[in-house]
Amino acid sequence: MTRTRHNTSHLKLIVSVLPENPGVYQFLDKDGTVIYIGKAKNLRKRMMTYLGKTQTGRTKVLVSKIHDIQHIIVNSESDALLLENNLIKKYQPRYNIQLKDDKSFPLICIKNEAFPRVFYTRNLIDDGSQYYGPYTSVVMVKTLLDMIRQLYPLRNCKYKLIPENIRLKKFKLCLEYHMGKCKGPCEGLQTEAEYNGNIDQIREIIRGNIGNVFTYMKGLMQKYATEYRYEEANYIKEKIKILERYQSKSTIVSSTIRDVDVFSITDDAGYAFVNFLKVVNGAIIQAHTLEIKKRLEEDRNELLPMAITEIRQRLSSTAKEIIVPFRLNIPIADCKITVPKKGDKMKLLELSERNVTYYRLQKLKRVNQSFKSTGTDRILERIKHDLRLSSIPVHIECFDNSNLQGANPVAACVVFRNARPRKREYRHYNVKTVKGPNDFASMQEILLRRYSRMIDEGLALPQLIVVDGGKGQVNAAVKSLEKLSLRGRIAVIGIAKRLEEIYFPKDPLPLYLDKNSETLKLIQYLRNEAHRFGISFHRKKRSGDLLRSELDNIKGIGSVTIQKLFSEYKSVEGLKKASLADLVKSIGNAKAGIVYNYFH
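The rules behind the values
- Residues numbered from 1 in each chain as written.
- Predicted model: local features only at pLDDT ≥ 70, side-chain atom pairs only at ≥ 80, totals over all residues.
- Heavy atoms only, no water.
- Helix = DSSP H or I, 4+ residues; strand = E, 2+ residues; numbered from the N terminus.
- Buried < 20%, exposed > 50% of the residue type's maximum accessible area, 1.4 Å probe, protein only.
- Areas by Shrake-Rupley, 256 points an atom, 1.4 Å probe, with all protein chains shown as cover.
- Pairing = 2+ DSSP bridges.
- Axes fitted to C-alpha atoms, helices over the stretch in contact; angles between N-to-C directions.
- Contact = heavy atoms within 4.5 Å.
- Phe/Tyr/Trp six-rings, centres within 6.5 Å; stacked < 30°, edge-to-face > 60°.
- Polar contact = N/O pair within 3.5 Å; in protein donor to acceptor, adjacent residues only side chain to side chain.
- Core = buried A, V, L, I, M, F, W, Y, C linked by side-chain atoms within 4.5 Å.
- Expected span 1.5 Å × (residues − 1).
- Parallel < 35°, antiparallel > 145°, perpendicular 65-115°, else oblique.
- Left-handed = near helix turned anticlockwise from the far one by under 90°.
- Nonpolar A, V, L, I, M, F, W, Y, C, P; charged D, E, K, R; others polar.
- Salt bridge = Lys/Arg side-chain N within 4 Å of Asp/Glu carboxyl O.

(A) The arrangement of the overall build of the protein in detail. Assigned secondary structure in the protein consists of 20 helices and 21 strands. Burial status across the protein gives 46% buried among its 600 residues. On the protein, roughly 32,300 Å² of surface is accessible, and the fraction owed to carbon and sulfur atoms is 51%.

Structure follows, in structure tokens:
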């Protein structure tokens, strides 16, 4: 590696001694930290582009932080692309694109050991084991592994099955052997050569080369049949059927396309997305989308070659042909680059482009949903503006009265925090001091009771109170607040049902909000929730009163027994359905007989 020290007076002194060869360059800041890594067909010319024009945005910031430049000369552009990719992963510079890490994606591992295990994992360990993936679907991985286990008995134990341990009989057969899921290599009942032959076929299946496995199995089935080993031949036949079912689920695109990698790209200001399809023997066997976070003003021509190199390295792809949407400005080593215009390859590219577009749209939807979930501040600001409040209404409470011709008067209070219901804070109230149907007096009582208690307990008061009703309900609420010296500290509004008018204290004219406004929709949600909560409580109370009145007519049943029956059966209908045995358990033999005979 050649190194050039930085002359702070002029960056051109750094660039003037750089060679005009392909290579990789690294920008270092004053602390010696690598802040950017790039590749170039001509190192000196590439560096001049940073100095020869006025830079803007993040590129301008990057150039201002360059203190030192290091470079590595390579033989070709494709070598530079590979080296750049490896160095970016090693140093993870601040101003380079960020490739989304795949540690969380599922992989299939063939362990580097005697009698290798085959299993699903999310952890890639550098121990010589072979990893296949990443797969975007756990279901796909488990389906593939289930099919493999049906075809080949494999061990899943972690024993160290070296020849010496097997010879010394250090291990015993386990339940897997007796269930037919393992052939017992731990006790030498299966040779390593036979086991490794199965592993070779598993590798072919995972890679999508099922044709080779078919050929081998059909030949083996024929061999067993000619030797009159019909049970073994039938066993192989069942395996072939399993493989055929698996193959039928693969997406067949064209039998003439043997082994190609398909890439497409879409991007926006902040991110790029690259889709990859792996096609083997005419079938798509793998699909993956790589997400790239932009750091500078990178375009698709820069991003796609880097993404191709990264994906092919991760997936160990050796395909000799790559299908892409446009001609790449950097060659890919040992690969034919195809930009199709029509035919099966064009259909493949269009399929990849649909996939990457769909992925990007899904991501945008997730972002929008996340924004909606975090858009509470915006909604609350809108409510504050529309209702002319002095503070943001983070905590809102809504009240509703419920009675039937003055009987069983109750009230409900629902609580919203950050524009969402907090159901564990909902409260029911029995109206205690008001006689007859007087909604205004009921509203006064309930607000007085609730907020006097909150003050006594030192609880935080709401910023906004909503009452179900018009001017009369609002004035009643204000009177309660005045008694508690809370007038002016809590805003109060009412919503009238007929035209959904919003009423304010001492304002004769209501406010009419747009029917599609977020403010009106939230107020309606509060009102409807309070009404629902109050009505459900009122129904329960009415049902209980009917039961009590009915039980009062039964001679020989006192108040204690009535209370027990009420607690147990809640309603007349519930009590009528009770068996004599159930009643005996609740109130004893004598009284149970009286109640049962009364209803039956």
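Once the structure has been displayed, the description carries forward.
(B) Structural context of the sheet that holds strand E8 (residues 130–132). Sheet architecture is open: three strands sit in the order E7-E6-E8, paired in antiparallel fashion. The sheet is open, and its two edges are formed by strand E7 (118–121) and E8, each paired on a single side. Direction aside, neighbouring strands of the sheet carry axes that sit 30° apart on average. Bridge count between strand E6 (residues 107–110) and E8: three bridges; the pairing is antiparallel. Pairing of Ile108 across the sheet is with Tyr132, part of E8.

(C) The side chain of Gln190, seen in detail. Inspection of the secondary structure puts Gln190 in the loop between helix H7 (175–178) and helix H8 (192–207). Residue class for Gln190 comes out buried when judged on its relative accessible area of 2%. Residues contacting Gln190, with those up to four places away along its chain left out, are Phe115, Lys183, Gly184, Pro185, Tyr195 and Asn198.

(D) Up close: the environment of Gln55. Looking at where Gln55 falls in the secondary structure, it is placed in the loop between helix H2 (43–51) and helix H3 (57–64). Residue Gln55 is classed as buried on the basis of its relative accessible area, which comes to 13%. With sequence-adjacent residues up to four places away left out, Gln55 is seen in contact with Thr49, Tyr50, Lys60 and Val63.

(E) Quick look at the packing of aromatic side chains. One pass over the structure, following the stated rule, counts 12 aromatic pairs. Ring geometry for Phe115 versus Tyr195: centroids 5.3 Å apart, planes at 80°, classification edge-to-face. Taken as a pair, Phe115 in the loop between E6 and E7 and Tyr195 in helix H8 lie far apart in primary sequence, 80 residues in all. According to the relative accessible area criterion, Tyr195 is buried, its value standing at 0%. Linked through ring pairs, Tyr25, Phe27 and Tyr36 together constitute an aromatic cluster.

(F) Quick peek at the side chain of Ser129. Within the secondary structure, Ser129 is located in the loop between E7 and E8. Overall, Ser129 belongs to the buried group, its relative accessible area being 12%. Only 2.9 Å separates the side chain of Ser129 from the side chain of Asp127, close enough to count as a polar contact. Filtering out sequence-adjacent residues up to four positions away, Ser129 remains in contact with Cys109, Ile110, Lys111 and Asn112.

(G) How the structure looks around the nonpolar core. Formed by 33 residues in total, the largest nonpolar core has its most connected members in Tyr152, Ile202 and Leu243. Only E6, helix H5 (138–151), H8, helix H9 (210–226) and helix H10 (230–248) provide two or more residues apiece to this core. Tyr152 has contacts with Asn198, Gln201, Ile202, Ile205, Val213, Met217 and Lys239, leaving out every residue within four places of it along the chain. Membership of the second largest hydrophobic core comes to 32 residues, among which are Ile88, Ile292, Leu303 and Ile337.

(H) Region of interest: helix H15 (residues 471–483). In this model, H15 (13 residues) spans 19 Å end to end at C-alpha, consistent with the 18 Å of a helix rising 1.5 Å per residue. Restricting attention to buried positions, one finds in H15 the residues Gln473, Val474, Ala476, Ala477, Val478, Ser480 and Leu481. Directly after H15, the chain includes Ser485, whose backbone phi takes a positive value near 60°.

(I) Quick look at the packing of helix H4 (residues 77–91) against helix H11 (residues 300–315). Relative to each other, H4 and H11 sit at 75°, their axes nearing to 10 Å. Judged by the inter-axis angle, H4 sits roughly perpendicular to H11. Only Pro305, Met306, Thr309, Glu310 and Gln313 of H11 make contact with H4, whose side of the interface consists of Leu81, Leu82, Glu84, Asn85, Asn86, Ile88 and Lys89.

(J) Local environment of the packing of helix H14 (residues 439–456) against H15. For the pair H14 and H15, the least separation of the axes is 8 Å and the interaxial angle reads 35°. Regarding H14 and H15, the two cross each other, and that crossing is right-handed. On the side of H14, the interface is formed by Asp439, Phe440, Met443, Gln444, Leu447, Leu448 and Tyr451, while H15 contributes Gly472, Gln473, Ala476, Ala477, Lys479, Ser480, Leu481 and Lys483. Within the contact of H14 with H15, the residues separate by chemical class into eight nonpolar, four polar and three charged.

(K) Seen up close, the environment of Ile557. Note that Ile557 resides in the loop between helix H16 (518–551) and helix H17 (559–569). Its relative accessible area of 11% is what places Ile557 among the buried residues. Each C-alpha atom, one on Ile557 and one on Ala592, is 9.7 Å from the other, the two residues being 35 residues apart in sequence.

(L) The arrangement of the pattern of salt bridges in detail. Evaluated as defined, the whole model comprises 28 salt bridges. We note a salt bridge from Arg312 to Asp261, for which the minimum N-O separation is 2.8 Å. Linking Arg312 in helix H11 with Asp261 in strand E10 (residues 259–267), this pair joins segments that are 51 residues apart in sequence. With relative accessibility at 13%, the residue Arg312 sits in the buried group. Given a relative accessible area of 0%, Asp261 falls into the buried group. Several salt bridges converge on common partners, so that one network encompasses Lys223, Glu227, Arg229 and Glu232.

Scope: geometric values only; no functional claims are made or implied.
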